[in-house]
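A structural walkthrough
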Amino acid sequence: MKDIILSWNNFMRNNNLLLILTVIFLFNYADKAETKEISRNSQIPSLLSAFFGLDNALPFRANRVCLGAWGKDGMPVIMSHTLNVETLQKEDFKVIRESGVSTYPNCVTLRPAQDDGENRTVLLIGDFGDADEDPPFKVKIVGDLISDILTDKPLNFRGTEIKVISLHAGPTLIFAEIISPDIWLQPQLKSTCPNDTKQVVRVTWTGGIRLPTGEEVSDNERGLYSVTVVSANGLFDVVTPESIADLNDGDNNHYLCLDTDMKAINISFPAGYLVDPNQDLNPATQIDIINTYTYRP
Ligand SMILES: [Ca+2]
Ligand SMILES: [Ca+2]
Ligand SMILES: [Ca+2]
């Protein structure tokens, strides 16, 4: 009898071992399948930032974009990829306050960042809580919101979320990419790059930016941007843009026109020169450049 119990115990031990090995195998397999799926897309959709830009303070003119927006909260959300506008709905965005109370925006819009290739900044308009009492804490995508990037599987933002940057924080750089001449040579841009431009980096801030005087940024500020470039033989240099384009359109983008062929890898900007709509000054900020377009001289 004792022998039977011992062999039963052995059997169970072996079976447990088998079960554990099976679980490990399945996890590994699932992990590999997942990795394969992502690498085929080589893209993972995510929210880059959600910025509590204005608290009960959207200006009267915001009514033109969203009826009743005057005096509401404004929160730009930056997406990792440009959006298929037809899949953008206010019900896709759930804003959760510190207390746990959640609301949907009254309106969402890609305006004013709507030039070709820009549509990754969604302005949420609504009542998201109050800065001092119960501020917004988190934004979560709860509907199907799809990127317009062509991949074998649609890039869906559903389920992604991000912690909200507080009202009193200043604006920072959140995204930078090399863009194609097809985009920066377009005449409909409000301001364009000079003819001898070799490459252009589009930088995106977490929200709208102006000078502390209330004026729009002009080409006079180009020297504030430092662009780290690297030569073909691996030598680093820091340059300033020859000029800034995409000015005076009230959005959170600047196109930095570079007169060098060297590979641009990083952008930095010093503290204290720009303000967000709440008049908070920018901290020192920097961001690596993504090369979604391959420059061929
Ligand atoms: Ca623009
Ligand atoms: Ca509010
Ligand atoms: Ca702009």
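What counts and what doesn't
Residues numbered from 1 in each chain as written. Chains lettered and ligands numbered in written order. Predicted model: local features only at pLDDT ≥ 70, side-chain atom pairs only at ≥ 80, totals over all residues. Helix = DSSP H or I, 4+ residues; strand = E, 2+ residues; numbered from the N terminus. Buried ≥ 20, exposed ≤ 12 C-beta atoms within 10 Å, placed from the backbone. Contact = placed C-beta atoms within 7 Å. pLDDT = per-residue confidence, 0-100. Pairing = 2+ DSSP bridges. Axes fitted to C-alpha atoms, helices over the stretch in contact; angles between N-to-C directions. Core = buried A, V, L, I, M, F, W, Y, C linked by C-beta atoms within 7 Å. Domains from an automatic or database assignment.

Moving on to the overall build of the chain. Assigned secondary structure in the chain consists of two helices and 16 strands. Within the span of the chain, comprising 297 residues, buried residues form 33% of the whole. Within the chain, counting contacts between residues at least 6 apart in sequence, those at least 24 apart form 70% of the total.

With 83% of its residues at a pLDDT of 70 or more, the chain shows a mean pLDDT of 87. Every residue in residues 17-41 is under pLDDT 50, and counting partners more than four places away or in other chains gives seven contacts.

Moving on, we come to the sheet that holds strand β5 (residues 107-109). Pairing within the open sheet is mixed, and its eight strands lie in the order β4-β3-β7-β8-β1-β2-β6-β5. The outermost strands of the open sheet, each flanked by one partner alone, are β4 (102-103) and β5.

Below, the discussion takes up the sheet that holds strand β14 (residues 253-258). Sheet architecture is open: four strands sit in the order β9-β10-β14-β13, paired in antiparallel fashion. Two strands bound the open sheet, and with one partner strand each, they are β9 (173-179) and β13 (243-245). Strand-to-strand, the axes of this sheet are offset by a mean angle of 30°, without reference to chain direction. The pairing of β13 with β14 spans three bridges and is antiparallel. Residue pairing in the sheet places Ile-244 in a bridge with Leu-256 of β14.

Pro-112 follows Arg-111 through a cis peptide bond whose omega is 0°. On the secondary structure map, Pro-112 appears in the loop between β5 and β6 (121-126). With a phi close to 70°, Gln-279 is a non-glycine residue in the positive phi region. Following the sequence through the fold, Gln-279 ends up in the loop between β15 (263-269) and β16 (285-288).

Of all six residues that make up β14, six are buried, and the element is covered over most of its length. Burial of the side chains of β14 extends over both faces: Asn-253, Tyr-255 and Cys-257 are buried on one face and His-254, Leu-256 and Leu-258 on the other. Alignment of strand β10 (residues 199-205) against β14, held across six bridges, turns out to be antiparallel. Directly across from Val-203, in β14, lies its bridge partner His-254.

Once that is clear, we can look at the nonpolar core. Membership of the largest hydrophobic core comes to 57 residues, with the highest contact counts inside it found for Val-77, Leu-124, Val-200, Val-201, Leu-256 and Ile-267. When residues of this core are sorted by domain, at least three fall in each of domain 2 (44-167) and domain 3 (170-297). Setting aside residues up to four positions removed in sequence, Val-201 forms contacts with Ala-176, Glu-177, Ile-178, Val-227, Leu-256, Leu-258, Ala-264, Ile-267 and Ile-289.

This part is about the environment of Leu-88. Along the polypeptide, Leu-88 turns up in the loop between β2 (73-79) and β3 (93-97). Separated by 20 residues in the primary sequence, Leu-88 and Val-108 have C-alpha atoms spaced 7.9 Å apart. With sequence-adjacent residues up to four places away left out, Leu-88 is seen in contact with Leu-83, Val-108, Val-122 and Leu-145.

In this structure, Asn-195 sits in the loop between α2 (181-184) and β10. When the C-alpha positions of Asn-195 and Asp-259 are compared, they lie 9.6 Å apart, and in sequence the two are 64 residues distant.

Along the chain, Asn-253 falls in strand β14. On a C-alpha basis, the gap between Asn-253 and Ile-209 in space is 8.8 Å, while along the polypeptide they are 44 residues apart.

This brings us to the pairing of β9. For β9, a buried count of five out of seven residues is recorded, marking the element as mostly surrounded by other parts of the structure. Looking at chain direction, β9 and β10 are connected through six bridges and run antiparallel. Counted as the bridge partner of Ile-178 is Val-201 from β10.

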